Amino acid sequence: MSNYNLERLNFLIVDDNKHMRALVKSILHALGVKNCVEATDGADAFKELRHYPADVIICDWSMSPLDGMDFVRLVRTGKDSPNPFVPIIMLTGHTEMNRVMEARDAGVHEFLAKPISAKSLYARVRSIIERPRPFIRAGMYFGPDRRRRENPNYKGKERRKENLESGGAEGGGAGELSQDEVSALLNG
Amino acid sequence: MSEENGQEDAQVRVITPPHALASKVRAGGPGAVDPAALERAEQVITNMADDYLNWVQEDLRLIQEAMDELKSSGGDNQVAISRIFAVSHDIKGQGGSFGYDLMTIVGNDLCRLIEYSDNPDASMLDVIQVHIDTMKLIIKNEMKGDGGPEGTRLLKGLEMVASKVKPS
């Protein structure tokens with residue numbers, strides 16, 4: 001079953017561009033969402049989180065003073081974070097592989113490439129509903145399990161163990177990826 | 001409450017957070033997002049295309065303003081370059097949602113062109129201006145989708161112009 005009623009979910013939309021916020025909000029309302037709160041940057045969003053119980057955060061990358069990546073880290077690992085487990089969808093035009101990896105390593109659940117559509121946004125929300133992931137604390141990393149599929153025959157790199165030592169994000173090429181390529185990359 | 005247990009080794013913790021969404025989301029029934037609801041949501045975006053044509057004018061004004069400053073400084077103005085990149089990035093991220101795929105393509109091309117360009121020379125400034133002029137033309141003529149033969153001609157022209165200034 002992939003048809004979900006979203007009306008009881010609380011969304012927090014974080015984007016410094018008012019037109020993007022309006023677009024995302026309009027799509028969510030058309031999908032039946034009743035509660036959307038907007039924030040203009042990461043600091044504003046963190047303030048909102050203190051009194052607004054967001055179930056899903058949709059967050060832009062490039063914002064100031066606190067950008068999307070710093071906001072994700074603050075939510076995940078900040079000592080005063082109201083909800084370190086809240087699902088976060090990173091919404092951005094930065095779709096180079098190293099950017100996707102950086103977002104994943106900061107602890108985002110899903111990556112949504114701009115320009116967006118109703119279908120692409122709903123697909124990311126659906127993914128969060130259908131595939132709840134355990135959280136991993138390993139070295140510098142705290143966030144949703146980056147291994148989305150169990151593979152008993154896995155013989156590749158042991159990233160969690162490497163993370164304990166380095167804590168750094170993996171590198172990658174600078175080429176732009178399509179939403180399908182991003183999804184394939186994140187889904188292993 | 002979440003459940004924390006060491007499932008791998010002492011330093012890697014696997015934590016099962018409460019799945020708050022499961023208790024708030026109902027599958028199926030009235031109000032569920034079915035294909036018809038998705039189509040309606042797409043239609044809402046389509047209906048915003050007129051609004052987009054208004055607000056993109058402001059983006060085009062801002063990018064030209066930054067471009068004028070960059071030109072007047074002979075290309076040596078990092079703040080202006082950053083502003084051009086930021087506006088172009090917004091244009092790239094929005095155009096396609098409203099059917100203006102060419103704005104997304106040209107916006108992306110301009111971002112790629114200037115992201116490593118710290119101090120553009122006169123030729124590079126010309127090429128940046130051509131990209132901005134192309135975006136203005138796309139909006140003026142309301143060229144949606146791929147823009148047909150005219151769109152193809154525009155993109156080919158831009159590619160040719162950009163190839164003259166891109167480092168080999």
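Quick caveat, the model's predicted, so the values are computed rather than measured.

A. Main features of the overall build of chain A. Counting its regular elements, chain A contains seven helices and eight strands. The buried share of chain A, reckoned over its 188 residues, is 53%. For chain A, restricting intrachain contacts to residue pairs at least 6 apart in sequence, the fraction spanning at least 24 positions comes to 66%. For chain A, the exposed surface amounts to about 8000 Å²; the carbon and sulfur share of it is 48%.

B. Fine view of the side chain of Arg-133 of chain A. Topologically, Arg-133 of chain A is positioned in the loop between helix 5 (118-130) and strand 7 (135-138). For the buried Arg-133 of chain A, no salt bridge exists, and the shortest N-O distance to an oppositely charged side chain is 4.4 Å, to Glu-110 of chain A.

C. Highlighting the confidence of the model for chain A. All names here are of chain A. Of the residues in chain A, 81% have a pLDDT of 70 or more, and the chain-wide mean is 85. Mean pLDDT values for the elements of chain A range from 54 in helix 6 (residues 159-165) up to 98 in strand 2 (residues 10-14). Counted against residues more than four places away or in other chains, residues 167-173, with its pLDDT under 50, gives 14 contacts.

D. Expanded view of the packing of helix 1 (residues 18-30) of chain A against helix 2 (residues 35-47) of chain B. Their axes nearest at 8 Å, the elements helix 1 of chain A and helix 2 of chain B cross at an angle of 150°. The pairing of helix 1 of chain A with helix 2 of chain B is recorded here as roughly antiparallel in orientation. Like other packed secondary-structure pairs, helix 1 of chain A and helix 2 of chain B cross with a definite hand, here right-handed. Between helix 1 of chain A and helix 2 of chain B, the residues in contact are Leu-23, Ser-26, Ile-27 and Ala-30 of chain A and Ala-41, Val-44 and Ile-45 of chain B, respectively. By residue class, the composition of the contact of helix 1 of chain A with helix 2 of chain B is six nonpolar, one polar and no charged.

E. Local environment of the sheet that holds strand 3 (residues 35-39) of chain A. All names here are of chain A. Read across the open sheet, the five strands follow the order 3-2-4-5-6; overall the sheet is parallel. Only two strands of the sheet have a single neighbouring strand rather than two, namely strand 3 and strand 6 (110-113). Each neighbouring strand pair of the sheet contributes to a mean axis angle of 20°, computed without reference to strand direction. As judged from the four bridges shared by strand 5 (residues 88-92) and strand 6, these two strands associate in the parallel manner. Considered in strand 6, the bridge of Met-90 is made with Phe-111. Strands strand 2, strand 3, strand 4 (56-60) and strand 5 of the sheet are contacted by helix 1, whose axis makes an angle of about 170° with strand 3.

F. Region of interest: the packing of aromatic side chains. Counted by the stated rule, this structure contains seven aromatic pairs over all chains. Between the aromatic rings of Tyr-52 of chain B and Trp-55 of chain B, the centroid separation amounts to 5.9 Å while the plane-to-plane angle is 85°, which identifies the pairing as edge-to-face. Taken together, the residues Tyr-52 of chain B and Trp-55 of chain B, both in helix 3 (residues 49-72) and three residues apart, mark about one turn of the helix. The exposure class of Tyr-52 of chain B is buried, given its relative accessible area of 0%. A residue is classified by how much of its surface remains accessible, and Trp-55 of chain B, at 8% relative accessible area, is buried. Among the aromatic side chains, those forming a connected cluster through ring pairs are Tyr-52, Trp-55, Phe-98 and Tyr-100 of chain B. The residue whose ring lies beneath Arg-99 of chain A is Trp-61 of chain A, and the NZ or CZ to ring-centre distance is 4.9 Å. Arg-146 of chain A extends its terminal NZ or CZ atom over the ring of Tyr-141 of chain A, reaching a point 3.7 Å from the ring centre.

G. Summary view of helix 7 (residues 148-163) of chain B. All names here are of chain B. Taking 1.5 Å per residue as the helical rise, helix 7 with its 16 residues ought to reach 22 Å, and the 23 Å between its terminal C-alpha atoms agrees with that figure. Of all the positions in helix 7, only Gly-151, Leu-154, Leu-158 and Ala-162 are classed as buried. Projected down its long axis, helix 7 shows its buried positions confined to an angular sector of 60°, all on one face. In helix 7, the exposed positions that point more than 90 degrees away from the buried face belong to Pro-149, Arg-153, Lys-156, Glu-159 and Met-160. Each element contacted by the buried residues of helix 7 is listed here: helix 5 (101-114) and helix 6 (122-140).

H. Region of the structure containing the pairing of strand 4 of chain A. All names here are of chain A. Within strand 4, five of the five residues are buried, which leaves the element mostly enclosed by the surrounding structure. Bridge analysis of strand 2 against strand 4 gives four bridges, and the strand direction is parallel. The partner of Leu-12 across the bridge, within strand 4, is Ile-57. Relative to strand 5, strand 4 runs parallel, the two being bridged by four bridges. Each residue of the ladder has a partner; that of Cys-59, found in strand 5, is Met-90. Between the parallel elements strand 4 and strand 5, the chain passes through helix 3 (residues 68-77) in a crossover that is right-handed.

What counts, and at which threshold
Residues numbered from 1 in each chain as written. Chains lettered and ligands numbered in written order. Predicted model: local features only at pLDDT ≥ 70, side-chain atom pairs only at ≥ 80, totals over all residues. Heavy atoms only, no water. Helix = DSSP H or I, 4+ residues; strand = E, 2+ residues; numbered from the N terminus. Buried < 20%, exposed > 50% of the residue type's maximum accessible area, 1.4 Å probe, protein only. Contact = heavy atoms within 4.5 Å. Areas by Shrake-Rupley, 256 points an atom, 1.4 Å probe, with all protein chains shown as cover. Lys, Arg positive; Asp, Glu negative; His and termini not counted. Salt bridge = Lys/Arg side-chain N within 4 Å of Asp/Glu carboxyl O. pLDDT = per-residue confidence, 0-100. Axes fitted to C-alpha atoms, helices over the stretch in contact; angles between N-to-C directions. Parallel < 35°, antiparallel > 145°, perpendicular 65-115°, else oblique. Left-handed = near helix turned anticlockwise from the far one by under 90°. Nonpolar A, V, L, I, M, F, W, Y, C, P; charged D, E, K, R; others polar. Pairing = 2+ DSSP bridges. Phe/Tyr/Trp six-rings, centres within 6.5 Å; stacked < 30°, edge-to-face > 60°. Lys NZ or Arg CZ within 6 Å of the ring centre and 35° of its normal. Expected span 1.5 Å × (residues − 1). Arc of directions from axis to C-beta. Right-handed = clockwise from strand over helix to strand, strands pointing away.

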